[in-house]
Amino acid sequence: QVQLVESGGGLVQIGGSLRLSCNASRNLYFYGWGWFRQPPGEEREFVASIDRRGKTSYADSVKGRFAISRDDAERTLYLEMNSLNPEDTATYYCAVDRRGVADGSVGTYDFWGQGTQVTVSA
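Here the structure is a predicted model, which is why all the values come from computation and not from measurement.

Reading the values: the criteria
- Residues numbered from 1 in each chain as written.
- Predicted model: local features only at pLDDT ≥ 70, side-chain atom pairs only at ≥ 80, totals over all residues.
- Heavy atoms only, no water.
- Pairing = 2+ DSSP bridges.
- Helix = DSSP H or I, 4+ residues; strand = E, 2+ residues; numbered from the N terminus.
- Axes fitted to C-alpha atoms, helices over the stretch in contact; angles between N-to-C directions.
- Disulfide = S-S within 2.5 Å.
- Buried < 20%, exposed > 50% of the residue type's maximum accessible area, 1.4 Å probe, protein only.

Draft legend 1. Inspection of the sheet that holds strand β7 (residues 66–71) at higher detail. Strand order in the open sheet formed by four strands is β1-β3-β8-β7, with antiparallel pairing between adjacent strands. Two strands in the sheet have a free side with no partner beyond their single neighbour: β1 (4–7) and β7. This sheet shows a mean twist of 15 degrees between the axes of neighbouring strands, independent of strand direction.

Have a look at this one:
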């Protein structure tokens, strides 16, 4: 079992930027990481991922605007969010994949954080 804690969410203006963090309770060598989000009244959807080799993947809706990265020494996953718009408003969740595949499927991931709220408005 591993605990994941997201932080960095909040209210941001349209066109602004925000950086989310996800800290793990222990080192996760060779694991993959992912970010998902759940808009109000909608299902959880894939945002971005990084596999055990550092290969990144992004949903089309965020490609070119968001950047996923990790700091193994800090046991932390990041999501840099730029050019934010109201469509990005959602609860954002981080997750880890023990197999290191880190694809866009919810079922691939083994552990999830509790989420952090991001609201984009004028």
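Draft legend 2. Spatial organisation of the state of the cysteines. The full count for this structure, using the stated rule, is one disulfide. Two residues, cysteine 22 and cysteine 94, share a disulfide whose sulfurs are 1.9 Å apart. Judged by the torsion about the S-S bond (50 degrees), the cysteine 22/cysteine 94 disulfide is right-handed. Of this pair, cysteine 22 sits in strand β3 (residues 18–24) while cysteine 94 sits in strand β9 (residues 90–97), and the two are 72 residues apart along the sequence. Residue classification places cysteine 22 among the buried residues on the basis of a relative accessible area of 0%.

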